[in-house]
Amino acid sequence: SQTIHQWPATLVQPVGSPLSLECTVEGTSNPNLYWYRQAAGRGLQLLFYSVGIGQISSEVPQNLSASRPQDRQFILSSKKLLLSDSGFYLCAWSLEPYEQYFGPGTRLTVT
Amino acid sequence: TQLLEQSPQFLSIQEGENLTVYCNSSSVFSSLQWYRQEPGEGPVLLVTVVTGGEVKKLKRLTFQFGDARKDSSLHITAAQTGDTGLYLCAGNNYGQNFVFGPGTRLSVLP
């Protein structure tokens, strides 16, 4: 069966510091991978998606970036965090064009 | 830009009551998904509907996709406290991208 991992689970970072969030998927090959951000108790905002190694599409211009160095690894990064980057970050994978499966999320607080 | 709206935004009911929440758009989707999310966790996929007019049942939950594939509803019969959570709908249109609604926050009181 497939599983998706995210770490860290919780992160508190000062403004201006760098960021690296990691997502890995097990039990499948060549999945589509996604990064979302969720404001408190609300819907999901798509940040990036990837259909293959090194292929990244950005949905929202911002100071975040994403990379996919391996087939089942997806990384979200920032060189300098802003207060507005605080939120709940979710990674998801899909194979079929109509089903997505989410990881447990990372709660990021920028202070 | 495809958008999804959900109503109501908040819903608080007593255990045992029935409820319906809605997901609407002016755009056509090839498929629509419903998720439930609990605080501090990732959304969990409940169901996918792909055919206009389709009805799917998952125990006490009934999902319907509109004939025109622009809207969907989720009906819960005899709600339980374990149904409490944020219900999200998401649409997909034959591509990699998913559009999410803002969610309905359901509280089922004992």
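Structure: above.
Residues numbered from 1 in each chain as written. Chains lettered and ligands numbered in written order. Predicted model: local features only at pLDDT ≥ 70, side-chain atom pairs only at ≥ 80, totals over all residues. Heavy atoms only, no water.

**Q** Is there a simple way to think about the sheet that holds strand S7 (residues 61-65) of chain B in this case?
**A** Residue and element names in this part refer to chain B. Reading across from one edge, S1-S3-S8-S7-S6 is the order of the five strands in this open sheet, with antiparallel pairing throughout. Each edge of the open sheet is held by one strand with a lone partner, namely strand S1 (5-7) and strand S6 (55-58). Looking at each pair of strands side by side, their axes are set apart by 15° on average, direction ignored. Bridge count for S6 against S7 is four bridges, and the pairing is antiparallel. Within S7, the position partnered with Leu58 by the bridge is Leu61. (Pairing = 2+ DSSP bridges. Helix = DSSP H or I, 4+ residues; strand = E, 2+ residues; numbered from the N terminus. Axes fitted to C-alpha atoms, helices over the stretch in contact; angles between N-to-C directions.)

**Q** It is not clear to me how the state of the cysteines should be interpreted in this structure. Could you clarify?
**A** Working definition: the covalent bond between the sulfur atoms of two cysteines is a disulfide. The tally for this structure, following the rule as stated, stands at two disulfides over all chains. Here Cys23 of chain A is linked by a disulfide to Cys91 of chain A, with a sulfur-sulfur distance of 2.0 Å. Every disulfide takes its handedness from the sign of the S-S torsion; for Cys23 of chain A and Cys91 of chain A that torsion is -75°, giving left-handed. Taken together, the residues span a long stretch of sequence, with Cys23 of chain A in strand S3 (residues 19-26) and Cys91 of chain A in strand S9 (residues 87-94) at a distance of 68 residues. The exposure class of Cys91 of chain A is buried, given its relative accessible area of 0%. Across the disulfide, Cys23 of chain B is cross-linked to Cys89 of chain B (sulfur-sulfur distance 2.0 Å). Sign of the S-S torsion, about 75° for the bond between Cys23 of chain B and Cys89 of chain B, identifies this disulfide as right-handed. Separated by 66 residues along the polypeptide, Cys23 of chain B in strand S3 (residues 19-24) and Cys89 of chain B in strand S9 (residues 85-92) bring together distant segments of the chain. (Disulfide = S-S within 2.5 Å. Buried < 20%, exposed > 50% of the residue type's maximum accessible area, 1.4 Å probe, protein only.)

**Q** Just checking my understanding: could you explain unusual backbone geometry for this structure?
**A** With the exception of glycine, the majority of residues adopt a negative phi angle, and the majority of peptide bonds are in the trans configuration. Between Trp7 of chain A and Pro8 of chain A the backbone carries a cis peptide bond, its omega angle lying at 0°. With respect to the element layout, Pro8 of chain A can be found in the loop between strand S1 (3-7) and strand S2 (10-13). With an omega of -10°, the peptide bond running from Ser7 of chain B to Pro8 of chain B counts as cis. Note on placement: Pro8 of chain B falls in the loop between S1 and strand S2 (10-14). Its identity as a non-glycine residue notwithstanding, Arg69 of chain B has a phi of 60°, on the positive side.

**Q** What is the right way to look at the packing of aromatic side chains in this model?
**A** All names here are of chain A. The full count for this structure, using the stated rule, is 10 aromatic pairs over all chains. Judged by centre distance (6.2 Å) and plane angle (25°), the ring pair of Tyr34 and Tyr36 falls under stacked. Between the aromatic rings of Tyr36 and Phe102, the centroid separation amounts to 5.6 Å while the plane-to-plane angle is 45°, which identifies the pairing as tilted. With Tyr36 in strand S4 (residues 32-38) and Phe102 in strand S10 (residues 101-102), this residue pair connects regions lying 66 residues apart in the sequence. For the pair shown, Tyr36 and Phe102 are each scored as buried. (Phe/Tyr/Trp six-rings, centres within 6.5 Å; stacked < 30°, edge-to-face > 60°.)

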